[in-house]
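Letter by letter, the chains look like this.
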Amino acid sequence: MNRHVMSTVTVHRGNLLEHDPNYGQPVICYVCDMPHKALGFARIEDQSSNTFDTFAVPLCEACSVSAITDNAVVRKFWNVEAIRAYLKKQDVMEH
Ligand SMILES: [Zn+2]
């Protein structure tokens, strides 16, 4: 069997609790760029990295409950990673 291993990213969603230091902080939604007070978040687990990196990103109320948010988060995550990789390459070439 030819196993084509795609990079695996999983998204977990949650809500901040009132005692959380970030609760109610002004943040911008990761998915739709809406400024809001921090409440919902998504935790992105990058299983393709050796270190199983996780990132927590803020979600507005609408995105917290939307069914398509997981896909949107993953898509945005990969865009950001692609840009980061590109910039890193540029950086190397300049030195
Ligand atoms: Zn949003």
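So, here's what we can say about the structure. In this convention, every chain numbers its residues from 1, walking through the sequence in written order. Given that this is a predicted model, residues contribute local features only at a pLDDT of at least 70 and side-chain atom pairs are listed and counted only at 80 or more, while totals for whole chains, interfaces and linings are drawn from all residues.

Points about the overall build of the protein chain
Quick note on the threshold: Put simply, DSSP H or I for four residues or longer makes a helix, DSSP E for two residues or longer makes a strand, and each gets a number counted from the N terminus. Three classes are used. A residue is buried when 20 or more other C-beta atoms lie within 10 Å of its own, exposed when 12 or fewer do, and partly exposed in between, with C-beta atoms placed from the backbone.
Summing up its helical and strand segments, the protein chain has 2 helices and 5 strands in all. Along the chain direction, N to C, the helices and strands of the protein chain fall in the order β-β-β-β-β-α-α. Taking all 95 residues of the protein chain together, 18% fall into the buried category.

Digging into the nonpolar core
Stated formally: Each nonpolar core reported here comprises buried Ala, Val, Leu, Ile, Met, Phe, Trp, Tyr and Cys residues connected via C-beta atoms within 7 Å. In this description, a residue-residue contact is defined by the distance between C-beta atoms placed from the backbone, which must lie within 7 Å.
Val9, Cys29, Tyr30, Val31, Phe41, Ala42, Ile44, Leu59, Cys60, Cys63 and Val73 form the largest nonpolar core, which has 11 residues in total. When neighbours within four sequence positions are excluded, valine 73 is seen to be in contact with Val11, Tyr30, Val31, Ala42, Ile44 and Val57.

A look at the pairing of strand E5 (residues 53–59)
Using the following cut-off: Paired strands, in this sense, are two strands between which DSSP finds at least two bridges.
As defined by bridge partners, strand E4 (residues 40–46) adjoins E5 across 7 bridges and the pair is classed as antiparallel. Paired with isoleucine 44 across the two strands is phenylalanine 55, which belongs to E5. Where E4 folds back on E5, the antiparallel hairpin that results is connected by 6 residues, among which phenylalanine 52 adopts a positive phi of roughly 50°.

Focus on the sheet that holds E5
What counts here: Only the stretch in contact is used when fitting a helix axis, every axis being a line fitted to C-alpha atoms; angles between N-to-C directions are given from 0 to 180 degrees.
A sheet is described by the order of its strands in space; here 3 strands give the open sequence E1-E4-E5, paired in antiparallel fashion. Strands at the two margins of the open sheet, each flanked by one partner only, are strand E1 (9–15) and E5. Taken pair by pair, the neighbouring strands of this sheet meet at an average axis angle of 25°, ignoring direction.

As for the environment of leucine 59
Examined against the element boundaries, leucine 59 turns out to sit in strand E5. For leucine 59, a count of 28 C-beta atoms within 10 Å gives the class buried. Dropping the residues within four chain positions of it, leucine 59 is found in contact with Cys29, Tyr30, Val31, Gly40, Phe41, Ala42, Ser64 and Thr69.

Let's talk about unusual backbone geometry
Of note in the backbone geometry, aspartate 33 takes a positive phi value of approximately 65° without being a glycine. Topologically, aspartate 33 is positioned in the loop between strand E2 (26–28) and strand E3 (35–37). Residue class for aspartate 33 comes out exposed when judged on the 8 C-beta atoms lying within 10 Å of it.

Considerations on the environment of alanine 42
Here alanine 42 shows up in strand E4. For the pair alanine 42 and glycine 14, spaced 28 residues apart in sequence, the C-alpha to C-alpha distance is 6.2 Å. Once residues lying within four places of it in the same chain are set aside, the contact partners of alanine 42 are Val11, His12, Arg13, Tyr30, Val57, Leu59 and Val73.

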